[in-house]
Amino acid sequence: MIPTQKILIVLLSYNPETGGLTWKERDRCWFSSERYWRAWNKRFAGRPALNTIDPRGYKVGRILGKGVRTHRVIWKLIHGYDPIEIDHEDGVRSNNHLINLRDVASKENDKNRAMPDSNKSGTVGVRFNRARGKWIAVIGVDYTNRHLGCFDNIADAINARRSAERDFNFHPNHGRAKP
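Note that the structure is a prediction, hence the values are computed from the model and not measured.

By size, the foremost hydrophobic cluster in this structure holds 20 residues, and its most contacted members are L8, L12, L21, W23, L50, I63 and V73. Looking at this core, the elements that each hand over two or more residues are helix 1 (5-11), strand 1 (12-15), strand 2 (20-23), helix 2 (34-44) and helix 3 (70-79). Per-element tally for this core: the top contributor is helix 3, with four residues. Sequence-distant contacts of L12, that is, excluding residues within four places in its chain, are made with L21, T22, W23, K24, A49, L50, I63, V73 and L77. Grouped together as the second largest cluster of nonpolar side chains are six residues, V126, A137, F151 and A160 included.

Okay, structure coming up:
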């Protein structure tokens, strides 16, 4: 659980140029002893905060003993609320510049996915069907796959898929190579 915006403002500074957080110097009231207070401020105040990269590529850290994702802390620090889902528009999970973060529903976030590792055609939603000897184009919208057609050549299948992406308001970055 991320602390309130009021607490975050006391603990952290956000730098919009770097997209990073820095620990602020803390008052004595945050510590059980003067020794811990002085030691903490000497070690952490003014230094980068929540800057560890987890196995999925997100920056993470701990605030008041609780594990948090940095992009969610930044969002709450700036906007004052916990979003259900945050999309990194460029697909780089460690890029926490505010202009790269957007509060979206899961359905909208799905419209900005990277190319799956299993893709062989070079375009999301386009595959070759050996049994038919044709290229198949599909698109997932509202958790339902929609068949876009069978095509003799890959270019026509790609065009059908790109057209459907525009029709269903997919993000321009959808299907990009993984960072």
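So, next bit.
A few words on the pairing of strand 11 (residues 144-151). Consecutive residues of a regular strand have side chains that alternate between opposite faces of the sheet. Strand direction decides the pairing type here: strand 10 (residues 134-141) and strand 11, joined by seven bridges, are antiparallel. Residue pairing for strand 11: I136 is matched across the bridge by C150. The turn linking strand 10 back onto strand 11 is made up of two residues, and D142 within it adopts a positive phi angle of 55 degrees.

Procedures and definitions
Residues numbered from 1 in each chain as written. Predicted model: local features only at pLDDT ≥ 70, side-chain atom pairs only at ≥ 80, totals over all residues. Heavy atoms only, no water. Core = buried A, V, L, I, M, F, W, Y, C linked by side-chain atoms within 4.5 Å. Buried < 20%, exposed > 50% of the residue type's maximum accessible area, 1.4 Å probe, protein only. Helix = DSSP H or I, 4+ residues; strand = E, 2+ residues; numbered from the N terminus. Contact = heavy atoms within 4.5 Å. Pairing = 2+ DSSP bridges.

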